[in-house]
Amino acid sequence: EDIDVFKKIAASAERGKLDFIFVGDNLAFLFGGHPGQMLRLEPTTLLAALAGATSHIGLVGTASTTFSEPFNIARQFSSLDHISSGRAGWNVVTTTTNEAATNFGRDTMIDHELRYERATEFVDVVQALWDSWEDGARVANKETGQYYDLIKVHELNHKGQFYSVKGPLNMPRPPQGRPVIV
């Protein structure tokens, strides 16, 4: 939980020419679990801080489709991609423990098959939100005052089995177009 230690690790990995650093996550404290798995900062926040301490290493963080919403995840990883100049990656997971479920108002975990059905739609929605701004949609013309090209920004209007998301994302397309999915 010491940000300076994380910055040193990230800088060392970058000097060692590693392709990316990975920050896992767990949405519950498991008594008896390994401290490295239980005591950690939230990944996208940590990676945003590490983006400023590095210049080219990829920044991959875990986010759960079970206890998140597609719009928020699309914004978080798009923001990380902008902050890092195109180095963000999302480790897509479904959460598995009942301990995590109890942190989100549930007594038990959602069935395995249902979690993966939801995750598939979740990822599709996130990618569609990233695509809701076409390349070049952000104009930012100081002379005319035009910020974006209305023709290149699209509502999603997704109505699926598990999610209903109007969109578009309220920020321009990520530098990578779509952050890497792991």
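All figures in this text were calculated on a predicted structure; none of them were measured in a lab.

### Description of helix α1 (residues 3-15)
In step 1: If you check α1, its first and last C-alpha atoms are 18 Å apart, about what 13 residues at 1.5 Å a residue would give, namely 18 Å.
In step 2: Of all the positions in α1, only A10, A13 and E14 are classed as buried. Down the axis of α1, the sector holding all buried residues measures 100°, keeping them to one side. Seen from the open side of α1, the exposed residues pointing more than 90 degrees away from its buried face are K8, I9 and R15.
In step 3: Those residues of α1 that are buried are in contact with β1 (20-23) and α3 (43-51).
In step 4: The N-terminus of α1 is capped by D2, whose side-chain oxygen sits 3.1 Å from the backbone nitrogen of D4.

### Comments concerning the environment of A101
In step 1: Its location among the elements puts A101 in helix α5 (residues 98-102).
In step 2: Residues A101 and L27 lie 74 residues apart in sequence; the distance between their C-alpha atoms is 8.5 Å.
In step 3: Excluding residues within four positions of it along the chain, A101 makes contact with F67, R106, T108 and M109.

### Thoughts on the nonpolar core
Nonpolar side chains tend to gather and get buried jointly when the protein is soluble and globular.
In step 1: With 30 residues, the main nonpolar core has I21, L59 and W90 as its most contacted residues.
In step 2: Counting only elements with at least two residues in this core, the list comes to α1, β1, α3, β2 (58-64), α4 (70-83), β3 (88-93) and α6 (112-130).
In step 3: In terms of residues, this core owes the most to one element, α6, which gives 6 residues.
In step 4: Not counting residues within four places of it along the chain, the set of residues in contact with I21 comprises A10, A13, L47, L50, I57, G58, L59 and V60.
In step 5: One finds A28, F67, A100 and M109 within the second-largest nonpolar core, a separate group that totals 5 residues.

### Digging into the side chain of D81
In step 1: Turning to its location among the elements, D81 is positioned in helix α4.
In step 2: For the buried D81, no salt bridge exists, and the shortest N-O distance to an oppositely charged side chain is 7.9 Å, to R87.
In step 3: Every residue in contact with D81, bar those within four places of it in the chain, is listed here: G86, R87, A88, P174, P175, Q176 and P179.

How each quantity is defined
Residues numbered from 1 in each chain as written. Predicted model: local features only at pLDDT ≥ 70, side-chain atom pairs only at ≥ 80, totals over all residues. Heavy atoms only, no water. Helix = DSSP H or I, 4+ residues; strand = E, 2+ residues; numbered from the N terminus. Expected span 1.5 Å × (residues − 1). Buried < 20%, exposed > 50% of the residue type's maximum accessible area, 1.4 Å probe, protein only. Arc of directions from axis to C-beta. Contact = heavy atoms within 4.5 Å. Polar contact = N/O pair within 3.5 Å; in protein donor to acceptor, adjacent residues only side chain to side chain. Core = buried A, V, L, I, M, F, W, Y, C linked by side-chain atoms within 4.5 Å. Lys, Arg positive; Asp, Glu negative; His and termini not counted. Salt bridge = Lys/Arg side-chain N within 4 Å of Asp/Glu carboxyl O.

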